[in-house]
Amino acid sequence: MARLRLENIARDFSDGRQVRRVLFPTTLELVPGQLTVLAGPSGSGKTTLLSIIGLVLRPSEGRMFLDEREVSALDDEQAASLRLQRYGFVFQQPMLIEGLTVRENVLLALGVQGQRPQREAVKKADELLTALGLAGTALVQPRMLSGGMKQRASIARALIKDPAILLCDEPTSALDAESGQVVMKILKRIAIDENRVVIVVSHDARVFPYADRLIKLENGAVVSDTTENYMAETKIKQ
Amino acid sequence: MVLHDRSSTAGALLGVVAIVFLVGQQLSVLFGLLNFMSVLVDHSGADAWVLSGNLRNVDAGNLISGRYLDRVIGLREVAWAEPILIGNGLFRTPDGSFESVRVVGMRRPRLVGGPWAFAQGNERALLDLESVAVDRLDLEKLGQPLPGTLTEIGGRRVRVAAVTDGARGFQGTLVFASLDKVKDIAGTPPGRYSAILVRFQPGADAEAALARLRAVLPECSVYSTADLSRLTRRYYFTQTGIGGSFGFSTMIGVVIGVVIISLTLYTSVLGRARDFAVMRAIGGRRWDVTVVVVSQTLIITVTGLFVGFLLLSVLLNATGRSAIPSYFPSFVPPILAIVTVAVSLSGSLIALREALRAEPAAVFH
Ligand SMILES: Nc1ncnc2c1ncn2[C@@H]1O[C@H](COP(=O)(O)OP(=O)(O)OP(=O)(O)O)[C@@H](O)[C@H]1O
Ligand SMILES: [Mg+2]
């Protein structure tokens, strides 16, 4: 199982004329077996932090370790191959590829080049779809599915390769309340039962009850980090 | 598992099909016209042509003296030499009107420089002094003269004895007749010809034989058949409006084709930038994405080429025996295919480079 450690990770963006710090030095340890929710107002840096954790964005400062290996300075291709091996992603929009069936979309995450899928892989994809309540949709085009079904298909895509780390950016924001609950239950189960690192970015309070750990960001800095009894927030910084 | 988005694939495919078809059709007309230009030379069956000095094209009118014929035949390398005489005349149609024709006179009995394919009748019909052959495609223009019809060209009596197939010149209607008849029609002084056609002995060294001809005929122009064909085509191409303007419009067609195909594939790839960003984010290497783009481009282009060529061959079959110039030399399809593939690949790879420039983090927004 994976363990992530962030040491003074910061990120600046420049708009051409001036450099703006959108994430102040942050030190965090992320462990498997719990659902971590990253919350905060819009623009507080949640996506930036998640992108750095997900190796799709490089930090401007600081270091990040994945199981003691430093991963904050990998080149593009090394980062891509690590993403392929260890990470699953669920985006705000399901981002399924039109023209491929639901099953092909799920299998896409296994080898993006598009070799002929192994029979076991197909079986696994179909099992995942069934487990996520999408039985019978394997051969359907994504546009035939509802928003909630698409998001669940994208979770199947993230899970097909048993990622140690599952990163989700606002997975419920495009969904109605009921579908949102279904998706959160699935993510929670994956974190706890399958002992993975699961990080969910959300500013939707309805997501918080599912969190085992709630990290709040404001203006690019962590303002609270509470485990289990997060309802009684202990402010760690003001 | 190659990605494809149906609507954009269909659009790109349609673009490739349309361009392959249009450019191919344009090229076939161009090559058809080129064939018309040198039709007599190409079908002469001769190895060399002797023309009056400084002539660069077989249709120019200067005549050559028959004295040279003996000199040519005297050479060891020469199997035979035959004169032809080309003149102009007015063909009287059955309804009494006149059509201007080019009359090609051949010497009996060999009839070198004469028709090579017949729709009705055969070469033997032309052995008669009065006999002429007109082309199938000109029958309507000439008032449908039935075989056996007696009429006049340039006021001289002729009998339509055969119908040729595909003898169509750039300079108008070709009628084949005997040498003496053409002499009569055109009023050429005796012992003068338009050209002497020479066939070398089997196994003779063509270059050496040509050199010998040039040595004994310093006053004449001596060309190999292939050279004369090229010169004639070039002459018409550069000196006449039709050849030049058609060549120009073909070139424009090709340029537009290149632009449209590369742009079509460029937009179709760029339109899927989001898909590629997703692939990158979930762990695809640049190489993986490139493989997907290249295979998709190849599928679209090869399918488009196939359909385009299919349509072209239908068109060529339909027009091949009509008056519309159309000819597709066998070296053209491979070149057209390679250029099309190269152009569509470069269009999509340029788009891909642009699409991959975006940070993979963009998928989170
Ligand atoms: N590529 C970028 N270039 C410049 N500025 C950026 C870039 N990405 C993010 N920012 C800025 O960084 C800040 C934090 O953005 P981020 O997307 O991390 O916020 P967020 O907490 O995810 O917000 P939201 O809830 O709206 O998604 C914002 O002010 C944003 O404008
Ligand atoms: Mg965000």
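Residues numbered from 1 in each chain as written. Chains lettered and ligands numbered in written order. Predicted model: local features only at pLDDT ≥ 70, side-chain atom pairs only at ≥ 80, totals over all residues. Heavy atoms only, no water.

### Some words on the interface of chain A and chain B
- Counting from both sides, the interface comprises 32 residues of chain A and, opposite them, 27 residues of chain B.
- For Glu77(A), the salt bridge goes to Arg280(B), with nearest N and O atoms at 3.4 Å.
- At the surface where chain A touches chain B, the tally comes to six residue pairs in polar contact (both at pLDDT 80 or more).
- Listing elements by their share of the side of chain A that touches chain B, those giving two or more residues are helix 1 (46-53), helix 2 (76-86) and helix 3 (102-108) of chain A.
- Here the side of chain A that touches chain B takes five residues from helix 2 of chain A, the largest share from any one element. (Contact = heavy atoms within 4.5 Å. Salt bridge = Lys/Arg side-chain N within 4 Å of Asp/Glu carboxyl O. Polar contact = N/O pair within 3.5 Å; in protein donor to acceptor, adjacent residues only side chain to side chain. Helix = DSSP H or I, 4+ residues; strand = E, 2+ residues; numbered from the N terminus.)

### Side note on the packing of helix 7 (residues 241-270) of chain B against helix 10 (residues 332-357) of chain B
All names here are of chain B.
- One can describe the packing of helix 7 onto helix 10 by two numbers: an axis separation of 8 Å at closest approach and a directional angle of 35°. Here helix 7 runs over helix 10; the crossing is right-handed. Facing helix 7, whose interface residues are Val258, Ile261, Ser262, Leu265, Tyr266, Val269 and Leu270, helix 10 presents Thr340, Val343, Ser344, Gly347, Ser348, Ile350, Ala351, Leu352, Glu354 and Ala355.
- A class-by-class count of the residues in the contact of helix 7 with helix 10 yields 11 nonpolar, five polar and one charged. (Axes fitted to C-alpha atoms, helices over the stretch in contact; angles between N-to-C directions. Left-handed = near helix turned anticlockwise from the far one by under 90°. Nonpolar A, V, L, I, M, F, W, Y, C, P; charged D, E, K, R; others polar.)

### Topic: helix 1 of chain A
All names here are of chain A.
- Of all the eight residues making up helix 1, eight are buried; the element is thus mostly covered by neighbouring parts of the structure.
- Buried residues of helix 1: Lys46, Thr47, Thr48, Leu49, Leu50, Ser51, Ile52 and Ile53, and no others.
- One or two positions beyond helix 1, positive phi appears at Leu55, with a value near 60°. (Buried < 20%, exposed > 50% of the residue type's maximum accessible area, 1.4 Å probe, protein only.)

### Observations concerning the domain arrangement of chain B
Residues and elements named next belong to chain B.
- Each assigned domain of chain B is listed here: domain 1 (6-36 + 241-364) and domain 2 (39-239).
- Between the C-alpha centres of domain 1 and domain 2 the distance comes to 44 Å.
- With 13 residues of domain 1 at the contact, the number on the domain 2 side is 12 residues.
- Carbon and sulfur atoms make up 55% of the area that domain 1 and domain 2 hide from each other, which totals about 1,100 Å².
- Per-residue buried area on domain 1 facing domain 2 is highest for Leu34, Phe36 and Arg321; these three make up 50% of the total on that side.
- Viewed at the interface, domain 2 and domain 1 are joined by four residue pairs in polar contact (both at pLDDT 80 or more).
- Going through the elements one at a time, helix 1 (6-37) and helix 7 are the ones with two or more residues in the side of domain 1 that touches domain 2.
- Of the residues in the side of domain 1 that touches domain 2, the class split is six nonpolar, six polar and one charged. (Domains from an automatic or database assignment. Buried area = accessible area lost by both parts, 1.4 Å probe.)

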